[in-house]
Amino acid sequence: MSITVTTWHLEQTSPSDLRPATAPGDDVRIVRAEVPSPEFSRFLYTAVGGDIRWSDRLTMTYAQWEEVLGKPGTETWVAYDRGTPAGYAELEAQDGGSVEIVYFGLVPAFRGRGIGGHLLSYATARAWDLAERRPGIAPTKRVWLHTCSKDGPHAMDNYLRRGFSLFDTTVEEEQESVTPGPWPGAHG
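Below you will find a few notes about this structure. (Residues numbered from 1 in each chain as written. Predicted model: local features only at pLDDT ≥ 70, side-chain atom pairs only at ≥ 80, totals over all residues. Heavy atoms only, no water.)

### Examining helix α3 (residues 115–128)
Then comes step 1: When the terminal C-alpha atoms of α3 are compared, their 20 Å separation across 14 residues agrees well with the 20 Å that a helix rising 1.5 Å per residue should span.
Then comes step 2: Taking burial as the measure, the 14 residues of α3 include 13 buried ones, the bulk of the element. (Helix = DSSP H or I, 4+ residues; strand = E, 2+ residues; numbered from the N terminus. Expected span 1.5 Å × (residues − 1). Buried < 20%, exposed > 50% of the residue type's maximum accessible area, 1.4 Å probe, protein only.)

What follows is the structure, encoded as structure tokens:
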């Protein structure tokens, strides 16, 4: 069965576009995963995207995960609530000074608690200062991302509240996919 999916592309073109959210409290920390780990990244991907049908990386091999995570200018930032992974953002430097927030989201149990706005604010700021941590990467001129109608109901509002502006919209039919969540039956 096919479903209609609307995808919205959003961007910031200046660090001054960022409108940070209030931090949710001392129990939430955001830490860069400095050692690229396919196992950990795949865990985050399925834990965050399992209930909203993320599937594009499910068939990737270990070597493909290593390649993606090892690209110069790729970073994973993880939000922890009292030591438990609550969500993540994956950044990828691209040509011309663009940085894409390739993946962003929260594990379902942590949604609706103010962590998402804080994580998005933090990840966007890290996209803007990526070149300071990564020699050889061009200074950031643009931070962009996309979200779609399959994502959570508050995703678009969060992006707009953080200062992202819409620059493109596409509508496509795609085959509906069944994803297992972090494990089969987890969200059934």
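Read on, since the account is not over.
### Re the sheet that holds strand β5 (residues 98–106)
Then comes step 1: Strands sit in the order β2-β3-β4-β5-β6-β1-β7 across an open sheet of seven strands; the sheet is mixed. The two strands at the open ends of the sheet, each matched to only one other strand, are β2 (28–32) and β7 (165–175). Each strand of the sheet is rotated relative to its neighbour by a mean of 20 degrees, with strand direction disregarded.
Then comes step 2: In the sheet, strand β1 (residues 2–12) pairs with strand β6 (residues 142–148) via six bridges, with the strands oriented antiparallel. From the neighbouring strand, H9 faces β6, where its bridge partner is H146. (Pairing = 2+ DSSP bridges. Axes fitted to C-alpha atoms, helices over the stretch in contact; angles between N-to-C directions.)

### Notes on the layout of surface pockets
Then comes step 1: Here the largest pocket defines a volume of roughly 460 Å³.
Then comes step 2: Forming the walls of the largest pocket are 23 residues, and the residues nearest its centre are L106, R111, H154, A155 and N158.
Then comes step 3: If you list the elements that add at least two residues to the lining of the largest pocket, you get β5, α3 and α5 (155–161).
Then comes step 4: Tallying contributions element by element places α5 first for the lining of the largest pocket, with four residues.
Then comes step 5: Of the residues contributing to the lining of the largest pocket, the split by class is ten nonpolar, eight polar and five charged.
Then comes step 6: There is about 380 Å³ of room inside the second largest pocket.
Then comes step 7: Looking at the second largest pocket, it is lined by 18 residues, and the ones nearest its centre are W54, D56, Y103, H146 and C148.
Then comes step 8: Of all the secondary structure elements, the ones that give two or more residues to the lining of the second largest pocket are β1, β5 and β6. (1 Å grid on protein atoms, 1.4 Å probe; cavity = no way out; pocket = protein on both sides within 12 Å on 5 of 7 lines; lining within 4 Å. Points joined across faces, edges and corners; volume = space filled by probe spheres on them. Nonpolar A, V, L, I, M, F, W, Y, C, P; charged D, E, K, R; others polar.)

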